[in-house]
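Listed here are the chains, written in short residue letters.
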Amino acid sequence: MEMTSTKTLVNLLKNSKAIRTESQAKQLHAQIFKTQDPNSSSHISKLLSIYTNLHLLRDSHNLFNTLKSPAPPFAWKSIIRCFTDNGLFVQSLTSFVQMMASGVYPDHNVFPSVLKSCTLLMDLRFGESVHGCIVRLGVDLDLYTNNALMNMYAKFQSLDRNMYDRFHGCDVSGGSKIYVHEVLDKIPKQYGNGELSSSLAGCNGFNVNANDLIQKFKNLKGKSVQLPHSNRGRQADDHSYRRTSNVRPLESDSVWKVFEMMPIRDLVSWNTVIVGLARNGLYEEALKMVRELGNANLKPDSFTLSSVLPIFADYVNVIKGKEIHGYAIRHGLGTDVYIGSSLIDMYAKCTRVEDSHRVFCLLPIRDAISWNSIIAGCVQNGLFDEGLKFFRQMLIAKIKPRHVSFSSILPACAHLTTLHLGKQLHGYIIRNGFDDNVFIASSLVDMYAKCGSIRLARHIFDKMELHDIVSWTAIIMGSALHGHAHDAISLFEQMEKEGLKPNSVAFVAVLTACSHAGLVDKAWSYFNNMTQDHGIAPSLEHYAAMADLLGRAGKLEEAYEFISSMDVGPTGSVWSTLLFACKVHKNVQLAEKVADKIFMIDPDNMGAYVILSNIYSADRRWKDAARLRISMRNKGMKKTPACSWIEVKSKVHAFVAGDESHPYYHKINGALKDLLERMEQEGYVPDTKEVFHDVEEEQKKHLLYYHSERLAIVFGIISTPVGTTIRVIKNLRVCEDCHTAIKFISKIVDREIVVRDNNRFHHFKDGKCSCGDYW
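These numbers come from a predicted model, not from an experiment.

J.: With reference to specific residues and values, describe helix α29 (residues 504–517).
T.: Over its 14 residues, α29 extends 20 Å from the first C-alpha to the last, a length consistent with the 20 Å expected when each residue adds 1.5 Å. Of all 14 residues making up α29, eleven are buried, and the element is well covered by its neighbours. Taken together, the buried positions of α29 are occupied by Ala506, Phe507, Val508, Ala509, Val510, Leu511, Thr512, Ala513, Cys514, Ser515 and His516. Next to the buried residues of α29 lie α27 (469–481), α28 (485–497), α30 (520–532) and α31 (540–552). Its side-chain oxygen placed 3.2 Å from the backbone nitrogen of Val505, Asn503 serves as the N-cap of α29. Where α29 terminates, the next one or two residues include Gly518, which has phi positive at roughly 70°.

Encoded structure:
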C-alpha cells in the first residue's frame, strides 16, 4: 500500500472500510507510526476500529493497552466489540465495567455488544443492570440498543409477568419507575469521582480478576429512581401503540415493553417480538404481529417466515402453512435455505412428507439444518429406511452431522432394530466427541435397548454424568421389556431419590415392569401414587398396562371391572389386552363378552377377530371359528402373516411360516431337521394345541416346526460363528410351543438367542428364558 501524504492517511482513517486485509491494516499502522504522532488517542482509536473490524483480537488488545488512561469512548467501544465478536464475553463485560470505572460515558454504540455478551453468557442479572444503565444514561431510544435488549429478553424466555416489573411500574403512559442497580446511581456526574471509581481504581489494565470485577457490579443493591422520559417518542407513534395494544399477551412482558417504547422500529425489531411470542407458545399473538408488520409498511423476510412456519407445524395447519409457502415463492424466497428447512419441518409435522421431500429437492443449497429437517421428518412419520437413506446422502455430501442429526437417526435404528448400523453410528458419535451429549446418550440407551442389547444400554446409562427424564425412562422401559423387572423398579425408585419427578411416560415404564413380573400390589401402589401424589391423570397407556397386568395374573373379572370404570373411554386396544388374557387362561365366556365390547367400539378390529377365532379353535368350537373367518373374509380382512427378521452380515433376512423362498432354504431345512432330532432326544414334545386348524396331528406338528422365528434362528445358527448371539425380531407374539422349542435350541447349540416379539424381549440361554415363562 503506497502512503504518499498526510491527506491520504487521514482519508483512510476516516474511511476504515477501505482497509480489508490484515496486511493493509499493518501498513497503515506503520505509516502513522512513521509520519504522525504515534501516541495520538484519535489515531489509535481509529486504528483500533480497523483491527476490530478485521477480528484481529491480539492486535486490538495490544493497541488498546498503549492508550493513556482514561481511554476515549470510541476505543472502549472497539475493544468491547472485539471481545464480544471473538467469543470472550466475560472480558467484554469486564471492559464495560472498567469503562465506567474510569469515568467514561458509554454511548449507544457500546450497548449492543455488551447486551450480546450478557445474552450469550446467559447472565440475566447483569443484563438487567445494563438495561438500567441504558435508561439512566438516556440511550433507551436507540434502535440497535433496543433490538439487542429485546433479543436478550427473548433468549432468556422472559415473557413472564414479574421480570419487567423489576424495571417498570404499572403505567407506561404516566411517570414510570425503574429499579436501577446502585452502580448506575454511582456513575460520577462529572465522570471523574464517585464511590464506584474509587472502588475500581487502577483497573484499566486487563490483569484483574474479571469475575470479581463483574461481581462487584452485579452485587450492588437496587434503588428506585423516577424516569423523566417515559413519554418521549410516544406521540410520534401513538397510532401504532393503539393499533397493537389488542395483541398484547401480557401487560408486563419485557420484550413487549421495550418494543412499545421504541420510537423507531425496523424489521429486526418486529422479528424479535414475533420470535419471542412464538417460542413462548403465544401463537395467535405472533400471527397478529405478522399482520401488524404489514401495516407498518414492512415486508416479512426469510427470518420472519421461518419463525412463523413452526406455529402451523404445531397447529398441524397445512393450509396456513401453504399460504406462507406461496407468499415465499411470490416474493422470491422459495429457495431460501432457512425458509426451506422450516417448510420441510412444517409439512412433516402435518404428515405431508412427500411435500417435505419436494421442498428439499428444490433447495439449491442444503445446509446441515435442512438435511436434519428431512431426516427427522422421515423418522417422525415412520419412514425409517428413508431417514437412513437421507442420512447416508448427507454424509456423501460432506455435511458433518450435528448432535440433532444423531438424536433424529438413532430412533430409526431402534425401530428397525438394526444393531449393526446403530453400533456404526455410536462409533461415529464417539469419534466426533458427541458421546457426552445427554440427548444423544439417551437416544443410544433407547436404541441399544430396542435393538436387543440391554447390557450395552445399561453400560451407556451408567457412564452418563447427567441423567434426564428421557434417559431414565429409556433404561426403565428397556429393563422392563428385557425381563429385568426388579432392575426397572429399582431404577425408578433411584430416579425419585435423586430428586427427579417421574412424568407420565416414566409411570408407563414402571407399570410395564410390574406387568411383566406379575407384581400386582406393587403396580396398584404406583398407579395410585401417580394420581394422588403426582397429580398425573391416567392415560390409555396407563390403563392398558394395568389391564395387561391383571389379565396376565389371571384376575380377569377384576380387569373387566377396571376397564369398564376407566375415566377415559376404553379403546379396542385396551379391551384386546384382556381378550388375549382370556385366550391364555381359556375363559371363553368372558372372551365373548369382551369381544362384543371391542366390536361395538371398533367393528373392523381384525386382531380381535383372530384372537376370538383362535379361542374357539382351542375350545374345538370349529363352526364358531369358521363363522368368524367367513365374516372376516366378507369384510375384506386379511390376517397379518407371522414374519420374523434376522440381521446377518449387515443384511436383514425375512421369513414367514413355511417359507421356502429363501436362497438357503435347503440348508435351513436340513439343519432344522437335525436340530429337531436332538431336541426330541432332550425331551421336547410339540404342543399341537397351539395350531388352530382342524387338521391331522402330524400336519399340526409340521406347521409348528416351520414357524417363522424357528426358520430365522436356524438361518442365524448356520450363518454366524459359533457362540455368536442370535437376534430375531417377530411381528407377532411368540407362541408357547416356539417358546419351549427355543429354550431347547439355546441349550443344544450353546448360544444366547434374543427374540423380540410384539410384546417384549425374550433372552434364551442354557435352556431358560429371561421372562421366567411369564409373558
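Following the structure, the description resumes.
J.: Could you give me a rundown of the sheet that holds strand β6 (residues 753–756), with the residues and numbers involved?
T.: If you walk across this open sheet you meet the six strands as β4-β3-β5-β6-β7-β8, and the pairing is mixed. The sheet terminates laterally at β4 (651–656) and β8 (768–769), the two strands that pair on one side only. As paired strands, strand β3 (residues 643–648) and strand β5 (residues 726–730) are joined by three bridges and run antiparallel to one another. Bridge assignment links Ser644 to a residue of β5, and that residue is Lys730.

J.: Residue-level account of the pairing of β5, with values.
T.: Burial runs high along β5: four of the five residues are buried. Relative to β6, β5 runs parallel, the two sharing four bridges. The residue of β6 that forms the bridge with Val728 is Val755. After leaving β5, the chain enters helix α40 (residues 736–749) and then returns to the sheet as β6, a path that is right-handed.

J.: Go over empty space enclosed by the protein, please, and point to the residues and values.
T.: As enumerated under the stated definition, the model contains three cavities of 30 Å³ or more in all. Of the volumes computed, that of the second largest cavity is approximately 60 Å³. Leu672, Leu675, Leu676, Met679, Tyr705, Arg710 and Ile745 together form the lining of the second largest cavity. Classifying every residue of the lining of the second largest cavity by side-chain character gives six nonpolar, no polar and one charged.

Procedures and definitions
Residues numbered from 1 in each chain as written. Predicted model: local features only at pLDDT ≥ 70, side-chain atom pairs only at ≥ 80, totals over all residues. Heavy atoms only, no water. Helix = DSSP H or I, 4+ residues; strand = E, 2+ residues; numbered from the N terminus. Expected span 1.5 Å × (residues − 1). Buried < 20%, exposed > 50% of the residue type's maximum accessible area, 1.4 Å probe, protein only. Contact = heavy atoms within 4.5 Å. Polar contact = N/O pair within 3.5 Å; in protein donor to acceptor, adjacent residues only side chain to side chain. Pairing = 2+ DSSP bridges. Right-handed = clockwise from strand over helix to strand, strands pointing away. 1 Å grid on protein atoms, 1.4 Å probe; cavity = no way out; pocket = protein on both sides within 12 Å on 5 of 7 lines; lining within 4 Å. Points joined across faces, edges and corners; volume = space filled by probe spheres on them. Nonpolar A, V, L, I, M, F, W, Y, C, P; charged D, E, K, R; others polar.

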